[in-house]
Amino acid sequence: MNFENSLTFAQELDKNDPLKTFRNEFFIPVINGKEALYFTGNSLGLQPKAAENALRTELEDWRNLGVEGHFHGKNPWFHYHKFLTENASLIVGAKPIETVVMNQLTSNLHFLFVSFYRPTKERYKIIMEAGAFPSDMYLVESQVRFHGFNPEDAIIEVKPRTNEHSLRHEDIIKTIEDNKDSTALVFFSGVQYYTGQVFNIEEITKKAHSIGAIAGFDLAHAAGNIELKLHDWDVDFAAWCSYKYLNSGPGSVAGAFVHERFANDTELPRFAGWWGHNEDERFKMLKGYKPEPGAAGWQLSNAPVLSMAVHKVSLEIFQKAGMPHLIKKGKELNAYLEFVIEKAIAGNSDLKLEIITPKAPERACQISMLTNENGKALFDFLTLNGVIADWRNPNVIRMAPVPLYNSFEDIYHFGQILQSFKA
Ligand SMILES: *Cc1c(COP(=O)(O)O)cnc(C)c1O
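Residues numbered from 1 in each chain as written. Predicted model: local features only at pLDDT ≥ 70, side-chain atom pairs only at ≥ 80, totals over all residues. Heavy atoms only, no water.

1. So, the overall build of the protein chain
Phase 1 of the analysis: Helix and strand counts for the protein chain stand at 13 helices and 15 strands.
Phase 2 of the analysis: Over its C-alpha trace the protein chain gives a radius of gyration of 22 Å, about what one expects of a compact globule, namely 22 Å for 423 residues.
Phase 3 of the analysis: Expressed as lengths along the three principal axes of its C-alpha atoms, the size of the protein chain is roughly 70 × 60 × 35 Å.
Phase 4 of the analysis: Looking at the protein chain residue by residue over its 423 residues, the buried ones come to 57%. (Helix = DSSP H or I, 4+ residues; strand = E, 2+ residues; numbered from the N terminus. Rg over C-alpha atoms; globule rule 2.2 N^0.38 Å. Buried < 20%, exposed > 50% of the residue type's maximum accessible area, 1.4 Å probe, protein only.)

This is the structure in C-alpha cells:
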C-alpha cells in the first residue's frame, strides 16, 4: 500500500477498518484532557470495559453464596479454569487438551522445566537467545544450578553478529547443530521483547527435535500478537502471560501449553497439587497423585477466579475479532508506524533514530528504535506530548501499535509529535 503522511489519509484507513469498533471496548488513558497515544500494549494491555462487570459478577456470587459459589455460582469456581481453555487454545493454535490457564508466566515455565528439562551428564545444555527477558535468564540460570550444572557451561546463548541487532535464523539452527550431542533443551521466546524479532518457532522446533532435544517457548510477546500453531508445529511446551497483548490486567493469570503427545504420560516428573489431580477424586482427599489428562494435569492450585474473570472477557473479545483479522491489521498498523517514523527522521536532523526490529516476516506489532543520542530527552518529550511508549535501558524506545485499540490516526499524530522534536 502507498501510505501518505496526512490526517485525512489516516482517518480514511480508520474508516475502512473492519475492526474499528473494538477501540470502544477499551478504556483509553487520558492525559491533560486528551486520549493518550498509547503504544505500550506489549507491556500492559488496556482495560476492557467489560472487565468491571465480570469482576462484579464474581464478587456478588462470593458475597451472596460464600463457599457455595464453587458449585452454585453463575460461573462455578470449581470449573472456572475450564471456561478459558478453549478460547486460550485458539490464541496459540493448540487443542484444548494441550492448554491450561493457571499461575503466572515464570512460575509456569519453572513447572514445565521440571517435566521437560531433564538433563543427563552428556545432554544437559540449554540453547537460548542472548539478551532474553531477565526473568527468563534467571529461570534458566536457576534451573541449571538446581540440577547441579554450571550456567557458564550449560547455557549457550545465540548472539547477533557484530553490528547487527537481531539473530540470524541460520545462526540459531547452526548453534543447535553444533551442540547436537549435548543439548537437552532449546528455549526461545516467540517474539523477542527488546527487538521485536519474531522467531521461526516451527523450524527451531524441528531442528531441536532432529538432535533429540526438547523445544520450549516463552510466548509473552507472541500470544495475541502473531499467528501461532503450537500443535501443528509440534512444540513440546510453552507458556505466556495474559496482561500484555491479551489485556487481562496487571499480573493476571497466565497460560501453559503441553503437546498432546504428553497428555497421558504419567511417568513425566512433575510438581503436583490438588487442582491437577483427577477431577472426580479432587475432593476425596486421598493419597496418590493421578493427574488430569493433558495440560490441566500441570495445575497446582485452585483457580484465581478474580483475575480469570478479566481474562475470560478479554479472550472473548479476541474470539469476536478473530486472530487472522487482528494479525492483518497489526501488520498494516506496524507498516504505517514505520512509514511515519521514517518520514519524521527524514524531515528532522535532530532525530538520530535507527529501527532495529527486523523486516517482515520477522516482525509483528512492535517497532524498537535505537536512540543513538538524546534518547532520554526524546522519550521525555514524547511523554510530555501525550505519547505512552516504553523506554528500555540502555537506549531503546519500544512501540507497539495494537490492532484491537490503536488507530491509524494515533500513528499519524505520533509521527507529527516525533517530527517536532528539538534536541
Ligand atoms: C513479560 C515477560 C515475562 C514476565 O514474567 P511474569 O512471570 O509474568 O512476571 C517473562 N518473560 C518474558 C519473555 C516476558 O516478556
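Resuming the write-up.
2. Notes on the site of the ligand
Phase 1 of the analysis: All residues in the neighbourhood of the ligand are listed as Leu105, Thr106, Phe133, Asp136, Asp218, Ala220, His221, Tyr243 and Lys244.
Phase 2 of the analysis: With respect to the ligand, the side chain of His221 contributes an N or O atom lying 3.0 Å from an oxygen atom.
Phase 3 of the analysis: Burial of the ligand by the protein amounts to 85% of the accessible area it has alone, namely 390 Å².
Phase 4 of the analysis: In the shell around the ligand, the residues fall into four nonpolar, two polar and three charged. (Near = heavy atom within 4 Å. Polar contact = N/O pair within 3.5 Å; in protein donor to acceptor, adjacent residues only side chain to side chain. Areas by Shrake-Rupley, 256 points an atom, 1.4 Å probe, with all protein chains shown as cover. Nonpolar A, V, L, I, M, F, W, Y, C, P; charged D, E, K, R; others polar.)

3. A word on the environment of Asp265
Phase 1 of the analysis: Residue position: Asp265 is located in the loop between β10 (254-258) and α10 (305-321).
Phase 2 of the analysis: On the basis of relative accessible area, Asp265 is assigned to the partly exposed category, the value being 26%.
Phase 3 of the analysis: Asp265 sits 29 residues away from Gly294 along the chain, and the two C-alpha atoms are 8.7 Å apart.
Phase 4 of the analysis: Here the side chain of Asp265 touches Glu267 through a polar contact of 3.1 Å, landing on its backbone nitrogen.

4. Things to note about the sheet that holds β10
Phase 1 of the analysis: Here seven strands make up an open sheet; going across it, the order is β4-β10-β9-β8-β7-β5-β6 and the pairing mixed. Looking at strand neighbours, the two that pair on one side only are β4 (99-102) and β6 (155-158), the edges of this open sheet. In this sheet, adjacent strand axes meet at a mean angle of 20° when their direction is disregarded.
Phase 2 of the analysis: Relative to strand β9 (residues 237-240), strand β8 (residues 214-218) runs parallel, the two sharing three bridges. Its bridge partner lying in β9, Gly216 is registered against Phe237.
Phase 3 of the analysis: Across the sheet, helix α5 (residues 105-116) lies against β4, β5 (125-129), β7 (183-189), β8, β9 and β10, angled at about 170° from β9, the strand it touches most.
Phase 4 of the analysis: Sitting on the sheet, helix α6 (residues 134-146) is in contact with β5, β6, β7 and β8, with an inclination near 175° to β5. (Pairing = 2+ DSSP bridges. Axes fitted to C-alpha atoms, helices over the stretch in contact; angles between N-to-C directions. Contact = heavy atoms within 4.5 Å.)

5. As for helix α4 (residues 82-92)
Phase 1 of the analysis: When we look at burial in α4, the residues that qualify are Leu84, Thr85, Asn87, Ala88, Ser89, Ile91 and Val92.
Phase 2 of the analysis: Gly93 sits one or two positions beyond α4 and adopts a positive phi of about 65°.

6. Brief notes about the packing of helix α12 (residues 375-384) against helix α13 (residues 408-419)
Phase 1 of the analysis: For the pair α12 and α13, the least separation of the axes is 10 Å and the interaxial angle reads 130°. As far as their axial angle goes, α13 and α12 are oblique. As α12 packs across α13, the resulting crossing turns out to be right-handed. Residues Leu378, Phe381 and Leu382 of α12 form the contact with α13, whose participating residues are Phe414, Ile417 and Leu418.
Phase 2 of the analysis: Of the residues in the contact of α12 with α13, the class split is six nonpolar, no polar and no charged. (Parallel < 35°, antiparallel > 145°, perpendicular 65-115°, else oblique. Left-handed = near helix turned anticlockwise from the far one by under 90°.)

7. Regarding the nonpolar core
Phase 1 of the analysis: Core analysis: the largest hydrophobic core is formed by 65 residues, its most contacted members being Phe188, Phe217, Leu219 and Leu404.
Phase 2 of the analysis: Considering each element in turn, this core owes the most residues, eight residues, to α10.
Phase 3 of the analysis: The residue makeup of this core includes at least three contributed by each of domain 1 (7-35 + 323-419) and domain 2 (55-320).
Phase 4 of the analysis: Excluding residues within four positions of it along the chain, Phe217 makes contact with Leu109, Phe187, Phe188, Ser189, Ile201, Ile204, Thr205, Val235, Phe237, Ala238 and Ala239. (Core = buried A, V, L, I, M, F, W, Y, C linked by side-chain atoms within 4.5 Å. Domains from an automatic or database assignment.)

8. Comments concerning the packing of aromatic side chains
Phase 1 of the analysis: Taken as a whole, this structure holds 30 aromatic pairs when the rule is applied.
Phase 2 of the analysis: Ring geometry for Phe116 versus Phe262: centroids 4.9 Å apart, planes at 65°, classification edge-to-face. Placement of the pair is Phe116 in helix α5 and Phe262 in the loop between β10 and α10, with a sequence separation of 146 residues. For the pair Phe116 and Phe262, a shared accessibility class is recorded, and that class is buried.
Phase 3 of the analysis: An angle of 20° between the planes, with centres 6.1 Å apart, marks the rings of Phe116 and Trp298 as stacked. Linking Phe116 in helix α5 with Trp298 in the loop between β10 and α10, this pair joins segments that are 182 residues apart in sequence. In this pair, the class of Phe116 matches that of Trp298, namely buried.
Phase 4 of the analysis: What links up through ring pairs into an aromatic cluster is the set Phe113, Phe116, Tyr117, Phe187, Phe237, Phe262 and Trp298.
Phase 5 of the analysis: Lying over the aromatic face of Phe27, Lys49 brings its terminal NZ or CZ to 5.7 Å of the ring centre. (Phe/Tyr/Trp six-rings, centres within 6.5 Å; stacked < 30°, edge-to-face > 60°. Lys NZ or Arg CZ within 6 Å of the ring centre and 35° of its normal.)

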